[in-house]
Amino acid sequence: MANPSSILDYERIDQLGRSPEPSAQELKDILDKARLLKGLEDPEAASLLAVTTPEARQAILEAAAFVKSEIYGARMVLFAPLYAGNKCSNDCLYCGFRRTNKDLTRITLNRHQIEEETRALLAQGHKRLLLLTGETGAYGLDYMMDALDAIYSVREKGANIRRVNVEVAPMSVDDFKVLKTGNIGTYTCFQETYDPTYYAKYHVAGPKANYLNRLTVMDRAMEAGIDDVGLGVLFGLAPWRQEVISMLDHARHLEKRWGCGPHTVSVPRLEPAHGAPISSAVPHPVNDDDFRLLVAVLRLTLPYTGIILSTRESVEMRNSLFRYGVSQVSAGSRTEPGGYQDAKESETFSHSQFSLADHRSLHQMVSDLVDGGFVPSFCTGCYRMGRTGADFMDLAKPGLIKCFCLPNGLSSFAEYLEEYADDSLKTRGYATIDRLANEAETPEIRQRIIDGVAKVRTGGRDIYV
Ligand code: SAM
Ligand code: SF4
């Protein structure tokens, strides 16, 4: 294949995508290395992706569960998407927002409506949002800056949103510089598929049809000083092994050029969407076993990169992936603009982007996480202390992040328990906090947990170190 961009080495991706299955000894060596928590090289990851036998796959999942637990402990970061507008000038064949979908009711939230959505999310207990829009001139820089300002300005029960990540159309370096002043967390943009041929097939019109403009977006964001960026592949569009290897290659490019890889990677699978032809006839479906494997391999290869899963996946799949690698999940999501204010039992297909599989409320999700032995975290401490980009990775790699993340995560969870939980959840939640304080790796961490939670229980809020 001709090389459309120096960011990716397409020939190497092609070769690695055809890696043979490793021998038992090779598999053992790779997994032993992964357990050292220093990540894997791409050929090693490619080798793991080629594994087919159930026993060998299970060994990979168990190694991923070990790495996940060593680095992230029981924490699971929760967030909600806020869809501000569904107008779009692109024609992505998989998306309900595509411009040729005449059945979609087009909605653009104004400042007041964005504030109301934020209020509804704060009332549930959310502290971290992901702001999304379709791609059109109406959602240019001015709109985004106003939306960010609107979100951060809302106070509900004395609380406010503390981190807004954004997932919007690619921008220029100059626009990214301005966007950064809006106090954004991570800038996320999924490549959808890294294969230029498939990319052209599914992105038939509008600015997004420009593959290179999308592939180079993270370099522009980084050049503008946005050092937390999020990559993603929409699984189902192209053969999954090559897609994972390509995303790793993209991550390596960022590491080499900017000294820091992606802060997160997202792993959406194509879901049914009204008015989106290929969403109901997925071209390259990824079955559940392959999906679990690819998440586990990402966890082993990029141990310090957050892996994000959305409510597109079923409760069962989400629960198993929490163990094998996922570290951030959306909860109580709506994918239609204005969906939180007029929350209805069933989804409003007439203006939503795609259908969701996990319909649990935030409260139910928190309760289920606690029962599963996890700690729901709403923490935004690192980003607000300036521990982002390479600074975060420098801290994370030696494991120091544990000293901050566990105490901060537990303080943010205690805040949720105080403000939003019923008695049953409170009892179970504080029992989890006590258990984790007792199991803390060092007396200092234990003391930090006890101090932080005590502050919250006596009325302190937004406690982090
Ligand atoms: N419009 C911007 C863009 O395309 O990057 C940002 C937000 S778009 C609303 C967010 C993501 O939704 C897309 O990048 C795509 O991967 C995902 N998406 C679209 N249709 C989907 C579907 N049917 N199932 C799952 N994910 C889908
Ligand atoms: Fe528009 Fe994004 Fe949907 Fe494509 S994926 S149609 S750009 S909203």
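In this text, all values refer to a predicted model and were calculated from it rather than measured experimentally.

Rules used throughout
Residues numbered from 1 in each chain as written. Chains lettered and ligands numbered in written order. Predicted model: local features only at pLDDT ≥ 70, side-chain atom pairs only at ≥ 80, totals over all residues. Heavy atoms only, no water. Axes fitted to C-alpha atoms, helices over the stretch in contact; angles between N-to-C directions. Helix = DSSP H or I, 4+ residues; strand = E, 2+ residues; numbered from the N terminus. Parallel < 35°, antiparallel > 145°, perpendicular 65-115°, else oblique. Left-handed = near helix turned anticlockwise from the far one by under 90°. Contact = heavy atoms within 4.5 Å. Nonpolar A, V, L, I, M, F, W, Y, C, P; charged D, E, K, R; others polar. Near = heavy atom within 4 Å. Polar contact = N/O pair within 3.5 Å; in protein donor to acceptor, adjacent residues only side chain to side chain. Areas by Shrake-Rupley, 256 points an atom, 1.4 Å probe, with all protein chains shown as cover. Buried < 20%, exposed > 50% of the residue type's maximum accessible area, 1.4 Å probe, protein only. Pairing = 2+ DSSP bridges. Right-handed = clockwise from strand over helix to strand, strands pointing away. Salt bridge = Lys/Arg side-chain N within 4 Å of Asp/Glu carboxyl O. Domains from an automatic or database assignment. Buried area = accessible area lost by both parts, 1.4 Å probe. Core = buried A, V, L, I, M, F, W, Y, C linked by side-chain atoms within 4.5 Å. Expected span 1.5 Å × (residues − 1).

Here helix H11 (residues 240-258) crosses helix H12 (residues 288-301) at 20 degrees, and the two axes come no closer than 11 Å. Compared by their axis directions, H11 and H12 come out roughly parallel. Viewed along their axes, H11 and H12 form a crossing whose handedness is right-handed. Contacts between H11 and H12 involve Trp240, Val244, Met247, Leu248 and Arg252 from the first element and Asp290, Leu293, Leu294, Leu298 and Thr301 from the second. Of the residues that constitute the contact of H11 with H12, the class distribution is seven nonpolar, one polar and two charged.

To continue, consider the site of ligand 1. The environment of ligand 1 is made up of 19 residues, and the closest members are Tyr94, Glu192, Lys208, Arg214 and Glu271. One of the backbone N or O atoms of Thr133 is found 3.0 Å from a nitrogen atom in ligand 1. Between ligand 1 and the protein, one listed contact pairs an oxygen atom with a side-chain N or O atom of Lys208 at 2.8 Å. About the coverage of ligand 1: the protein hides 97% of its 560 Å² of free accessible area. Taken together, the residues of the shell around ligand 1 sort by class into nine nonpolar, three polar and seven charged.

Turning next to the pairing of strand E2 (residues 128-133). Most of E2 is tucked away, with six of its six residues classed as buried. In E2, alternate side chains face the same way, and those of Arg128, Leu130 and Leu132 on one face and Leu129, Leu131 and Thr133 on the other are all buried. Pairing geometry for strand E1 (residues 75-85) and E2, over five bridges, is parallel. Following the sheet pairing, Gly85 is matched in E2 by Thr133. Between E1 and its parallel partner E2, the chain crosses via helix H5 (residues 111-124), and the hand of that crossover is right-handed. Sheet analysis places E2 next to strand E3 (residues 163-167), joined by five bridges and oriented parallel.

Quick look at the pattern of salt bridges now. Using the criterion set out here, one finds 29 salt bridges in the structure. For Glu62, the salt bridge goes to Arg323, with nearest N and O atoms at 2.8 Å. Pair noted here: Glu62 is in helix H4 (residues 54-72) and Arg323 is in helix H13 (residues 315-324), with a separation of 261 residues, a long-range link. Accessibility expressed as a relative area gives 38% for Arg323, which makes it partly exposed. For Arg162, the salt bridge goes to Glu415, with nearest N and O atoms at 2.6 Å. Remark: Glu415 occurs in helix H17 (residues 401-420) and Arg162 occurs in the loop between helix H6 (141-153) and E3; sequence separation between them is 253 residues. Residues Arg162 and Glu415 agree in their burial class; the two are buried. If you follow the salt bridges from partner to partner, you end up with Arg12, Asp42, Asp249, Arg252 and Glu255 in one network.

For the protein chain, the assigned domains are domain 1 (70-377) and domain 2 (400-457). Centre-to-centre, using C-alpha coordinates, domain 1 lies 28 Å away from domain 2. Each partner contributes to the interface: domain 1 provides 23 residues, whereas domain 2 provides 18 residues. Contact between domain 1 and domain 2 buries roughly 1,600 Å² in total, counting both sides, with carbon and sulfur atoms accounting for 55%.

So, about the nonpolar core. Counting 133 residues, the largest nonpolar core has Ile60, Leu131, Tyr187, Leu294 and Leu300 as its most contacted members. Composition of this core by domain shows at least three residues from each of domain 1 (70-377) and domain 2 (400-457). Not counting the four nearest positions on each side in its chain, Leu294 is found in contact with Leu49, Phe235, Trp240, Val244, Val267 and Val286.

For the rest of this paragraph, the subject is the site of ligand 2. Surveying the vicinity of ligand 2 reveals 10 residues, the closest of which are Cys88, Asn90, Cys92, Cys95 and Lys208. Taken together, the residues of the shell around ligand 2 break down into five nonpolar, three polar and two charged.

For the rest of this paragraph, the subject is H11. Taking 1.5 Å as the rise per residue, H11 with 19 residues should run 27 Å; its terminal C-alpha atoms sit 27 Å apart, in good agreement. Looking one or two residues past H11, Gly259 carries a phi angle of roughly 75 degrees, positive in sign.

On to unusual backbone geometry, then. If you check the backbone angles, Lys157 has positive phi at about 50 degrees while not being a glycine. Examined against the element boundaries, Lys157 turns out to sit in the loop between H6 and E3. Although it is not a glycine, Asn183 sits at a positive phi angle of roughly 70 degrees. For Asn183, the position within the fold is in the loop between helix H7 (173-181) and strand E4 (184-188).

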